[in-house]
Amino acid sequence: MREAHFWLLQLVTGLVLIVLLGLHMIVIHLETILGFLGLGAGGAVAYASVMERAASSPWTWFYIIFLALALYHGLYGLRTIILELTLSRTASTVVTVLLVIVGIAAFSFGTYVTWQAYAG
Amino acid sequence: MAEGRKRENYLGIKGWVRAGRYGLERYLYFLQRLTGFGLIIYLLIHLYETSFRLRGEVTWEGVMGLFDQPVFAVLEYVVMAAFIFHALNGLRLVIEELGFALGKPRRPVYPYETSLQRQRPFMWAIGVLIIVFLVVSLYDFLV
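Along each chain, residue indices are assigned from 1 in the same order as the chain's sequence is written. Each chain takes a letter, starting from A, and each ligand takes a number, starting from 1, following the order in which they are written. Local features in a predicted model are, by the rule used here, given only for residues with pLDDT of at least 70; side-chain atom pairs are given and counted only at 80 or more, and totals for whole chains, interfaces and linings are based on all residues. Computation of side-chain values covers all heavy atoms of the structure but excludes hydrogens and water.

Trainee: Just to check I follow, could you spell out the overall build of chain A for this structure?
Mentor: Helices and strands together make up the secondary structure of chain A, namely 5 helices and 0 strands. Elements are defined by DSSP. Helices are runs of H or I of four residues or more, strands are runs of E of two residues or more, and each kind is numbered from the N terminus. Walking chain A from its N terminus toward its C terminus, one meets helices and strands in the order α-α-α-α-α. Relative to a compact globule of 120 residues, whose C-alpha radius of gyration would be 14 Å, chain A shows 18 Å and is clearly more extended. In terms of overall dimensions, chain A has a C-alpha envelope of 55 × 35 × 20 Å along the principal axes. Residue exposure (1.4 Å probe, protein chains only): buried if accessible area is under 20% of the type maximum, exposed if over 50%, otherwise partly exposed. In chain A, which comprises 120 residues, the share counted as buried stands at 39%. Put simply, of all contacts in chain A between residues at least 6 apart along the chain, 71% involve residues at least 24 apart. Under the convention used here, a 1.4 Å probe and the Shrake-Rupley method define accessible areas, while residue burial counts only the protein chains that appear. When the accessible area of chain A is evaluated, it comes to approximately 6800 Å², of which 75% is carbon and sulfur surface. For the radius of gyration, the atom set is restricted to C-alpha positions; the globular benchmark scales as 2.2 Å times the number of residues to the power 0.38. Contacts are assigned to residue pairs that have any heavy atoms within 4.5 Å of one another.

Trainee: Whenever I open this one, the side chain of B:His86 confuses me. Can you help?
Mentor: Structurally, the position occupied by B:His86 is in helix 4 (residues 70-97). Engagement of the side chain of B:His86 in a polar contact is seen with the backbone oxygen of B:Gln32, the distance being 3.1 Å. Contacts of B:His86, omitting those with residues within four sequence positions, involve A:His73, B:Gln32, B:Thr35, B:Gly36 and B:Leu39. Think of a polar contact as two N or O atoms within 3.5 Å of one another; within protein, one of them needs to be a possible hydrogen donor and the other a possible acceptor, and neighboring residues in sequence only count if both atoms come from side chains.

Trainee: Quick question: what am I supposed to make of the packing of helix 1 (residues 3-29) of chain A against helix 4 of chain B here?
Mentor: Axis angle and axis distance: for two packed helices, these are the angle between their axes and the distance between the axes, and together they describe the pair. Remark: helix 1 of chain A packs on helix 4 of chain B, axes separated minimally by 10 Å, with the N-to-C direction vectors making an angle of 145°. The interaxial crossing formed by helix 1 of chain A with helix 4 of chain B has left-handed handedness. Contact residues: helix 1 of chain A offers A:Trp7, A:Leu11, A:Leu15, A:Ile18, A:Leu21, A:Gly22, A:Met25 and A:His29, while helix 4 of chain B offers B:Glu76, B:Val79, B:Met80, B:Phe83, B:Ala87, B:Leu91, B:Val94 and B:Glu97. Only Asp, Glu, Lys and Arg are considered charged, only Ala, Val, Leu, Ile, Met, Phe, Trp, Tyr, Cys and Pro nonpolar, and every remaining residue, Gly among them, polar. The class makeup of the residues in the contact of helix 1 of chain A with helix 4 of chain B is 12 nonpolar, 2 polar and 2 charged. Only C-alpha atoms enter the line fits that serve as axes; for helices the fit covers just the stretch in contact. Angles between N-to-C directions range over 0 to 180 degrees. Rotating anticlockwise by less than a right angle from the far helix to the near helix defines a left-handed crossing, while the corresponding clockwise rotation defines a right-handed one.

Trainee: Looking at this structure, how should I read the pattern of salt bridges?
Mentor: Pairing is possible between side chains of opposite charge, provided their charged atoms come close. Just to be clear on terms, a salt bridge is a Lys or Arg side-chain nitrogen sitting within 4 Å of an Asp or Glu carboxyl oxygen. Applying the stated rule across the entire model yields 5 salt bridges over all chains. Its salt-bridge partner being A:Arg79, residue A:Glu3 comes within 3.1 Å of it at the nearest N-O pair. Taken together, the residues span a long stretch of sequence, with A:Glu3 in helix 1 and A:Arg79 in helix 4 (residues 57-83) at a distance of 76 residues. Owing to a relative accessible area of 15%, A:Arg79 belongs among the buried residues under this scheme. Between B:Arg120 and B:Glu25 there is a salt bridge, with the nearest N and O atoms lying 2.8 Å from each other.

Trainee: Sorry if this is basic, but what is going on with unusual backbone geometry here?
Mentor: Both trends apply: most residues other than glycine have a negative phi, and most peptide bonds are in trans. Residues and elements named next belong to chain B. Each neighbour pair has its own omega, and for Tyr110 with Pro111 the value is 0°, a cis peptide bond. Here Pro111 shows up in the loop between helix 4 and helix 5 (115-142). One non-glycine residue, Asn9, adopts positive backbone phi at about 60°. What makes Asn9 exposed here is its relative accessible area of 77%. Of note, the phi angle at Ala101 is positive, near 60°, even though the residue is not glycine. For Ala101, the location among the structural elements is in the loop between helix 4 and helix 5. Assessed through its relative accessible area of 38%, Ala101 is described here as partly exposed.

Trainee: Explanation requested: the interface of chain A and chain B in the structure shown.
Mentor: Counting residues at the interface gives 42 residues for chain A and 40 residues for chain B. Accessible area that two parts lose when put together, evaluated with a 1.4 Å probe and summed over both, is termed the buried area. Carbon and sulfur atoms supply 74% of the area that chain A and chain B bury against each other, a total of about 3400 Å² over both sides. For the chain A face of the interface with chain B, the top three residues by lost area are A:Tyr47, A:Ile81 and A:Leu85, together amounting to 19%. Applying the counting rule to chain A against chain B returns 1 salt bridge. Of the charged contacts, one joins A:Glu84 and B:Arg33 as a salt bridge, the two residues approaching to 2.7 Å between their closest N and O atoms. At the boundary of chain A with chain B, the tally comes to 8 residue pairs in polar contact (both at pLDDT 80 or more). For the side of chain A that touches chain B, the secondary-structure elements that each account for two or more residues are helix 1, helix 2 (31-36), helix 3 (47-54), helix 4 and helix 5 (89-119) of chain A.

Trainee: Mind showing me how you'd approach the environment of B:Gly127 here?
Mentor: Residues and elements named next belong to chain B. Tracing the chain through its elements places Gly127 in helix 5. We classify Gly127 as partly exposed; its relative accessible area is 22%. For Gly127 and Arg92, which are 35 residues apart along the polypeptide, the C-alpha to C-alpha distance reads 9.8 Å.

Trainee: Before we go on, may I ask you to explain a nonpolar patch on the surface in this structure?
Mentor: Residues enter patches when their relative accessible area tops 30% and they take part in no salt bridge; the joining distance is 9 Å for like charges and 5 Å for the nonpolar side chains Val, Leu, Ile, Met, Phe, Trp and Tyr. The grouping of A:Met1, A:Leu8, A:Leu9, A:Val12 and A:Val16 at the surface amounts to a nonpolar patch, some 450 Å² of accessible area in total. Looking at the secondary structure, you find A:Leu9 in helix 1.

Limitation: the analysis is restricted to geometry and does not speak to function.
Here you go:
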């Protein structure tokens, strides 16, 4: 893939994240608005509520995909900001490799936790 | 790259915050980066914080209890506000990047109108939308 493809992927993940993070924010925070719509859940961060979502397959898929897209979008954006300093080629590669490692580590950790909560 | 000599007009880290004599869009661009940076750092912290759900109800409620203080309620709203700005301004950037909402090409007849000026109404529309969302979510946080 060329840089232009990564950039296009940045735009696409950005658009998808508006929907996914929008849903996440509404479910977790906007109880009052959910209430107006007659979906009043409330207490989305109570343990029972959290584990109920953790035990459901759709939510598990939602969180894993959401995490992958958010990490790609966020870390690619961070890389853009850092590479704007026009570092040497070696330094740019080091930055890229480090961010890929951070991304893979964070994704593995998040997926492990999600899977444990789902299966356990 | 630097090869030991000074690069002309090279701003380095200063270039991240210095908008110079550019217009409002340049400041939105700076805010887009600032909110983006904040959100990715928050995501990594959030990933760790939410992993406590594996340690059982007592630990989880203990961690959540920490966040009951007013200072965290304010910080949560800051994250929400950063998301609202980043999402809607980002939507504007994607739409403009793909060539929409730029107006039709026209002859350069005096008084000249720059492409930036033609994008302004769209920017203001997004701006109003951002403010509406900020107010609605603030209402929800306060109630």
